[in-house]
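What follows is each chain in one-letter form.
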Amino acid sequence: MLFHAILFYTFAAILVGAALGVIFSRNPVHGVMFLVLAFFQSAMLWLLAEAEFLAIVLVLVYVGAVMVLFLFVVMMLDINIERAGDGYTRYWQLGIGIAGLMVFELIQIVLMRGRGADSGNGFAATPEGYSNTEALGAVLYTEHVYAFEIAAVILLLAIIAAITLTMRKRPGLKQQDISAQVAVRAADRIRVVKMDSERPDAGSES
Amino acid sequence: MKALLPDFVLNIWMSVWGWLPPLMQYLVETTFWILVVMITVILAVAFTTYFERKVIGYMQGRIGPNRVGPLGLGQPFADVIKLLIKEVIVPGKSNRFLFIIAPLLTLIPALATWAVIPLTDTFVIADINAGLLYVLSLTSVGVYGVILAGWATNSKYALLGAMRSAAQIVAYEIAMGFALVGVLMAGGSLNLGVITEAQSGGFSSWFVWPLLPLFFVYLISGVAETNRAPFDVAEGESEIVAGFHVEYSGVAFALFFLGEYANIILISALTSILFLGGYNSFFEGWTFLGEGHFLREPALLWLIIKICFFIFVFFWLRATFPRYRYDQIMRLGWKVFIPVTIVWIVVEGVMAWMQVGPWRNLAG
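Just so it is clear, the model here is predicted, and its values are computed rather than measured. (Residues numbered from 1 in each chain as written. Chains lettered and ligands numbered in written order. Predicted model: local features only at pLDDT ≥ 70, side-chain atom pairs only at ≥ 80, totals over all residues. Heavy atoms only, no water.)

**Quick word on the overall build of chain B**
1) Next: Assigned secondary structure in chain B consists of 12 helices and 0 strands.
2) Next: The secondary structure elements of chain B, listed N-terminal to C-terminal, are α-α-α-α-α-α-α-α-α-α-α-α.
3) Next: Taking 364 residues into account, the globule formula puts the C-alpha radius of gyration at 21 Å, and chain B, at 22 Å, falls close to it.
4) Next: The principal-axis extents of the C-alpha atoms in chain B amount to approximately 65 × 65 × 45 Å.
5) Next: The 364 residues of chain B split such that 49% are buried.
6) Next: Look at the contacts in chain B between residues 6 or more apart in sequence, and 75% of them connect residues 24 or more apart.
7) Next: Total accessible area on chain B stands at roughly 17,400 Å², and carbon and sulfur atoms take up 71% of it.
8) Next: For chain B, the distance from the average position of its 20 positive side-chain charges to the average position of its 21 negative side-chain charges is 11 Å. (Helix = DSSP H or I, 4+ residues; strand = E, 2+ residues; numbered from the N terminus. Rg over C-alpha atoms; globule rule 2.2 N^0.38 Å. Buried < 20%, exposed > 50% of the residue type's maximum accessible area, 1.4 Å probe, protein only. Contact = heavy atoms within 4.5 Å. Areas by Shrake-Rupley, 256 points an atom, 1.4 Å probe, with all protein chains shown as cover. Lys, Arg positive; Asp, Glu negative; His and termini not counted. Charge placed at Lys NZ, Arg CZ, Asp CG, Glu CD.)

**Thoughts on unusual backbone geometry**
1) Next: Unlike most non-glycine residues, B:L71 shows phi in positive territory, near 60°.
2) Next: Tracing the backbone shows B:L71 in the loop between α2 (22-59) and α3 (75-84).

**Focus: the domain arrangement of chain A**
All names here are of chain A.
1) Next: Each domain of chain A was delimited in the assignment, giving domain 1 (1-78 + 93-125) and domain 2 (127-163).
2) Next: Residue-level contacts link 6 residues of domain 1 with 4 residues of domain 2.
3) Next: Both faces considered, domain 1 and domain 2 share a buried interface measuring about 390 Å² in area, 59% of it formed by carbon and sulfur atoms.
4) Next: At the surface where domain 1 touches domain 2, the tally comes to 0 salt bridges.
5) Next: Where domain 1 meets domain 2, there are 0 residue pairs in polar contact (both at pLDDT 80 or more). (Domains from an automatic or database assignment. Buried area = accessible area lost by both parts, 1.4 Å probe. Salt bridge = Lys/Arg side-chain N within 4 Å of Asp/Glu carboxyl O. Polar contact = N/O pair within 3.5 Å; in protein donor to acceptor, adjacent residues only side chain to side chain.)

**Overview of the environment of B:G131**
Residues and elements named next belong to chain B.
1) Next: Within the fold, G131 resides in helix α5 (residues 131-141).
2) Next: Of the residues examined, G131 reaches a relative accessible area of 1% and is grouped as buried.
3) Next: Taking the C-alpha atoms as reference, G131 lies 9.2 Å from T113; in sequence the two are 18 residues apart.
4) Next: What G131 contacts, discounting residues up to four positions off in sequence, is V116 and L190.

**Points about the environment of A:Q181**
1) Next: Position of A:Q181 among the secondary structure elements: in helix α8 (residues 178-183).
2) Next: As for A:Q181 and A:D196, which are separated by 15 residues in sequence, their C-alpha atoms are 34 Å apart.
3) Next: Beyond its immediate chain neighbours, meaning those up to four positions away, A:Q181 contacts A:Q176, B:R325 and B:Q328.

**Here we look at the pattern of salt bridges**
All names here are of chain B.
1) Next: If you walk through the whole model with that rule in mind, you get 6 salt bridges over all chains.
2) Next: Its salt-bridge partner being D79, residue R53 comes within 3.1 Å of it at the nearest N-O pair. Of this pair, R53 sits in helix α2 while D79 sits in helix α3, and the two are 26 residues apart along the sequence.
3) Next: Here the residues in one salt-bridge network are E52, R228, E260 and R318, joined through shared partners.

**A closer look at the interface of chain A and chain B**
1) Next: On the side of chain B, 27 residues touch chain A, which itself brings 28 residues to the contact.
2) Next: Buried area between chain A and chain B, both sides added, is near 2,400 Å², and the carbon and sulfur share of it is 77%.
3) Next: Inspection of the chain A/chain B interface yields 0 salt bridges.
4) Next: Linking chain A with chain B are 3 residue pairs in polar contact (both at pLDDT 80 or more).
5) Next: Tallied by class, the residues present in the side of chain A that touches chain B amount to 20 nonpolar, 7 polar and 1 charged. (Nonpolar A, V, L, I, M, F, W, Y, C, P; charged D, E, K, R; others polar.)

**With respect to the nonpolar core**
1) Next: Core analysis: the biggest nonpolar cluster contains 72 residues, and B:W114, B:Y172, B:L192, B:Y218, B:L274 and B:F275 have the highest contact counts within it.
2) Next: Not counting residues up to four positions away in its chain, the partners in contact with B:Y218 are B:M176, B:A179, B:L180, B:L270, B:T271, B:L274 and B:F275.
3) Next: By size, the runner-up hydrophobic cluster in this structure holds 34 residues, among which are A:F39, B:Y144, B:I169 and B:F244. (Core = buried A, V, L, I, M, F, W, Y, C linked by side-chain atoms within 4.5 Å.)

Next up, the structure:
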């Protein structure tokens, strides 16, 4: 148990440090990398809580896909690093307000646990041969199948909306017709002509 | 063991071992096996470079390296020593920290994935339930090394290479993921050991037959994912010099190289395990050999033979095909592979549901 506690506090400390790094790093690419580190650390915390499916999916979806696209966009930005800090002084009241609200909520949750509203004392021991993934799938595709499908359709809608909003057809656009390119055969492009040699004795030369 | 060590050394070792708490014993044992697998993989990488140069040499009517040691077998070590004693040049306007850690970020995921690979029917470092997901998530993390290397170098060519590589890896990862969905449907588990066990029973029960389209999609996506020819536009030496690693030299370059070849071996191993039955024998179905014949037993040797075959396929492709045009790569990934995998998953699901074909026993 002590070993678990040591691991938990190590991961939690790195997580908090990485989260602070996201806020305070001047360079946006460094910020993105700190966020990746924070995702990894929270995945580790979930692993400690024996939620291995969620932990690995967190790494797969957020680190492997979302943050790659994020990094992609941030890399392309041309930010003047000296001027990027100006926002701090302009929006500090708003920032402190939001931070205060979040701290208040967290304290409420901790207090509620203290009053015994939630069992909260660790997790129920999992039976032998229990598979996180199977348990999640069994609930997701039976009890919550409508919520799951609706979420999927909303995501699809968002994709289509994003593409429709940014797609514009310009006149005179030149495009390659890939299927025509793939369908091309050698006979369409070159013609092999049989002709007699010009000189009568040319046959033996190469 | 007895022959190698004097008795008193063995006694001291045994008493120290018994005195350690179980947690420490576990940690020491796991670390030992991790080191064994890592060193084997790194040595395999060294000889894979030699293998590649020989294969491509013979395919192009040359002999390949034959100067260092017998048959040129010392060539990889000569290369390593050359790269180690070269200076690592860090460009002046680059981002120093990210420039240095980028090669490590490509290498580490490729090595860490070996933790869940079942090498024999009894040996795997970490026998975790979500093994297949772990593999998928770690291979998707490998792209950071390439992107960061391209950005941190602060050079046009490197940035172009990184962008190409990122777009390509993101595109082919989806097809790879869908191919894995097919495998996990057939195997009924995310655990790589269980998936291999599901393919026991001989040549005909390997997943490559019922999942043939997914097998090809996975293999080709693997080639694209590792940025190998004919999908090596990220390096594209004729257009963007060397892509993302244009400014790397010495050990930093060697790490990129190591990562690339470790990824090749990894993709070969995964293809063997997911589609060709992993450590299961080729001859398992040959009942006339008799019960318990050594050719029918599962062993590490079968896995190694399969891995070597796929590594050879990687080099064969490189020696055969010219480089793809970039828009054709994107088209192949998004418009060909992803629809093929989705259709095959639907086919597999419907067949399992209707209780036909090889998945008759699946819908339980």
